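Chains, contacts and geometry: an overview
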Amino acid sequence: MHSEKRHSLTALVVSLWLLVALLLAASGVIAAAPAAMPASCDDLVRNGDFEQGTSDPAPWILGGHTEISDQRPHGGDFGAWMGDYQATDDTLYQLVTIPADSDTAELRYWWSMQSVDDVETPYDYLYVTLQAADGMPLGDLETLDNTVARDTWTQVSFDLSDYRGVSLRIHFRCTGNEQFNTGFFVDDVELEVCESPTPTPTGTLTPTATSTGTLTRTPTATSTSTPSATATPTLTLTETSTPTPTATPTRTPTATPTPTLSSTPTPTSTLTATPTLTPTGELPPRSYLPLVLRAG
């Protein structure tokens, strides 16, 4: 009986909680799943804008007659200047390590070219390549020459995700013939790597599963503890008060008349018989009187 009452109370509380949850969801009180965390990004190239000046090009390594110059910077006050002399052979590179857990890795830089050489036939070149830490070639990114657009800044970008976990050189090399000069300018070099702490698909599904589990578990835990604590004292008091007074008066009168009836009648019958014998003994004198009279 009591178990059925507890189950009924539990079912009632669970139903009420579910109803409240549905009402809250319908009214928009329950917030939607939080959006995924934004990706964390970092630029691996140091001093990529060359703003440390001519006296401190580090961590860039300059070769040939490469200069950090204020002649034609793209942004700020300085940029790298290569070539612009006969039989050019200049180099510029920086060693970086792309983290293995990066989601993306993108190389970006700006370049510009000035030349007095032929606009139709290539003679002077700028090679942009990737090299291993020891200088071994890893891949070619871009080759420019004296026939490309002049006196203008152009930005290019390359996906380096295939080189995650690799230490490599971002390498620029300028070469030229012995006749007409061509100069190349490089500035604002960046290698942006990004890592997403929570990928977008996973971030969307995780809050949904969490919120559903919370709604299911919260009413169950509350309904189980609350009705049990409330119903138990009520039912215990009812059982204690009702049977106790009923059992006590029933047993007391039954035990009391039993010994009284057994002992009381015995002395009463004895006393009653004694006075009955006394008047019986006084009858002889009444019977002697006629005898005396007869004798006289």
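Owing to the predicted nature of the structure, the values given are computational and were not obtained by experimental measurement.

This brings us to unusual backbone geometry. One can expect most non-glycine residues to show negative phi and most peptide bonds to be in trans. In this chain, Ala58 is followed by Pro59 through a cis amide linkage whose omega measures 5°. Its place among the elements puts Pro59 in the loop between β1 (40–43) and β2 (61–63). Here Asn47, not a glycine, exhibits a phi torsion of approximately 55°, which is positive. Structurally, Asn47 can be placed in the loop between β1 and β2.

What follows is about the sheet that holds strand β5 (residues 89–97). Within the open sheet, the five strands sit side by side as β2-β5-β10-β7-β8. Their pairing is antiparallel. The outermost strands of the open sheet, each flanked by one partner alone, are β2 and β8 (137–145). For this sheet, the mean angle separating the axes of adjacent strands, direction not counted, is 15°. Pairing of strand β7 (residues 125–132) with β8 involves seven bridges; the strand directions are antiparallel. Bridge pairing in β8 links Val128 to Glu142.

Here Gly48 lies in the loop between β1 and β2. The class of Gly48 is buried, set by a relative accessible area of 7%. In sequence terms Gly48 and Val186 are 138 residues apart; their C-alpha atoms lie 9.6 Å from each other. Once residues lying within four places of it in the same chain are set aside, the contact partners of Gly48 are Trp60, Asp187, Asp188 and Val189.

One recurring pattern in soluble globular proteins is that nonpolar side chains are buried together. Counting 32 residues, the largest nonpolar core has Tyr109, Leu126, Leu160, Phe172, Val189 and Leu191 as the members making the most contacts within it. Contributing elements (two or more residues each) for this core: β4 (79–83), β5, β6 (104–115), β7, β8, β9 (154–159), β10 (167–175) and β11 (182–195). Beyond its immediate sequence surroundings of up to four residues, Tyr109 is in contact with Val128, Glu142, Thr154, Gln155, Val156, Phe158, Phe172, Asp187, Asp188 and Val189.

Quick notes on the rules
Residues numbered from 1 in each chain as written. Predicted model: local features only at pLDDT ≥ 70, side-chain atom pairs only at ≥ 80, totals over all residues. Heavy atoms only, no water. Helix = DSSP H or I, 4+ residues; strand = E, 2+ residues; numbered from the N terminus. Pairing = 2+ DSSP bridges. Axes fitted to C-alpha atoms, helices over the stretch in contact; angles between N-to-C directions. Buried < 20%, exposed > 50% of the residue type's maximum accessible area, 1.4 Å probe, protein only. Contact = heavy atoms within 4.5 Å. Core = buried A, V, L, I, M, F, W, Y, C linked by side-chain atoms within 4.5 Å.

Read these as layout, nothing more, since geometry by itself doesn't imply function.
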